[in-house]
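Structural overview
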Amino acid sequence: MDDQTRIELEAAAFRTLREHLMEKRTDVQNIDMMNLAGFCRNCLSRWYQEAANERGIEMSKDEAREIYYGMPYSEWKDKFQTEASADQQAAFKVAFAENVGEDKA
């Protein structure tokens, strides 16, 4: 497989993952994704931002989230995010530290 085809297939897979998480599974909470898988929608938007920044494209965390979420992050939270339990929050602290690191908050 040539590099361009591989890149196009990877991009298509990313778009499908984004659509699945943003349109089909809005019920799945970011905190649960992070606690179980070590990443969430915010990680995906951060990776998008980091890829842009690496290519010399200035993009803030808020800009990347709005691109990824298709709306301001505050609007997404109001529509779909539920209150996290104390147990979820405790597990999140561990998952975040293990998978993202304290400097990426």
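Here is a short report on the structure shown in this document. Per-chain numbering applies: the sequence of each chain, read as written, is numbered from 1 onward. In keeping with the predicted nature of the model, local features appear solely for residues at pLDDT of at least 70, side-chain atom pairs appear and are counted solely at 80 or more, and the whole-chain, interface and lining totals rest on all residues. Note that water and hydrogens are dropped before the side-chain values are worked out from all heavy atoms of the structure.

Every axis in this analysis is a line fitted to C-alpha atoms, fitted for helices over the stretch in contact. Angles between the N-to-C directions lie between 0 and 180 degrees. For the purposes of this entry, the term helix denotes a DSSP run of H or I that reaches at least four residues, the term strand denotes a run of E that reaches at least two, and both are numbered from the N terminus. Look at helix α1 (residues 3-24) against helix α4 (residues 61-69): their axes get within 10 Å of each other, and the N-to-C directions meet at 85 degrees. Taken together, the axes of α1 and α4 lie roughly perpendicular to each other. In contact with F14, R18, L21 and M22 of α1, α4 contributes I67, Y68 and Y69. Comment on the angle field: the value is read as roughly parallel under 35 degrees, roughly antiparallel over 145, roughly perpendicular from 65 to 115, and oblique elsewhere. Throughout, a contact is declared for two residues whenever any of their heavy atoms are within 4.5 Å.

Further remarks concern helix α2 (residues 30-37). For each residue, the accessible area found with a 1.4 Å probe, counting protein chains only, is set against the maximum for its type, and the residue is called buried under 20%, exposed over 50%, and partly exposed in between. Considered for burial, the residues of α2 that qualify are N30, I31, M33 and M34. One side of α2 carries all its buried residues, which in axial view fall inside an arc of 160 degrees. Elements in contact with the buried residues of α2: α1, α3 (41-54), α4, α5 (73-80) and α6 (86-99). Looking one or two residues beyond α2, the residue adopting positive phi is G38, at roughly 85 degrees. Regarding the arc, it is the one traced by the directions from the helix axis to the C-beta atoms.

The next point concerns the layout of surface pockets. Whether a set of points on the 1 Å grid over the protein atoms alone is a cavity depends on a 1.4 Å probe fitting there but being unable to get out, while an open set qualifies as a pocket with protein on both sides within 12 Å along at least five of seven lines; lining residues are those with an atom within 4 Å of a point. Grid points are joined across faces, edges and corners, and a volume is the space filled by probe spheres set on the points. Roughly 490 Å³ of internal volume is contained in the largest pocket. As for the largest pocket, its lining consists of 23 residues, and the residues nearest its centre are C40, N42, R65, Y73 and F92. Of all elements in the fold, only α2, α3, α4 and α6 reach the threshold of two or more residues within the lining of the largest pocket. Examining the composition of the lining of the largest pocket, we find that five residues originate from one element, α3, more than from any other. Grouping the amino acids of the lining of the largest pocket by side-chain chemistry returns nine nonpolar, eight polar and six charged. Roughly 420 Å³ of volume is contained in the second largest pocket. Residue classes follow a fixed rule: Ala, Val, Leu, Ile, Met, Phe, Trp, Tyr, Cys and Pro count as nonpolar, while Asp, Glu, Lys and Arg count as charged, and any other residue, Gly among them, counts as polar.

Relative to the helices and strands, Y48 resides in helix α3. Take Y48: its relative accessible area is 36%, and that puts it in the partly exposed class. Here the alpha-carbon distance between Y48 and A64, two residues 16 residues apart in the chain, equals 6.6 Å.

Our focus in this paragraph is the side chain of Q49. Residue position: Q49 is located in helix α3. Look at Q49 and you get buried, because its relative accessible area is 14%. Residues in contact with Q49, not counting those within four places in the same chain, are M59, S60, K61 and A64.

Okay, α1 next. Helix span, expected: 1.5 Å multiplied by one less than the number of residues in the helix. Taking 1.5 Å per residue as the helical rise, α1 with its 22 residues ought to reach 32 Å, and the 30 Å between its terminal C-alpha atoms agrees with that figure. One side-chain oxygen of the residue at the start of α1 lies 3.1 Å from the amide nitrogen of Q4, identifying that residue as D2. Whenever two N or O atoms come within 3.5 Å, that pair is a polar contact, provided that in protein one can donate a hydrogen and the other can accept it, and provided that, for residues adjacent in sequence, both atoms are side-chain atoms.

Tracing the backbone through its elements, the reader meets Q81 in the loop between α5 and α6. Note: C-alpha distance between Q81 and N30 (51 residues apart in sequence) is 8.0 Å. Among residues more than four places away in sequence, those in contact with Q81 are Q29, Y73 and W76.

Purely geometric numbers; function is a separate question.
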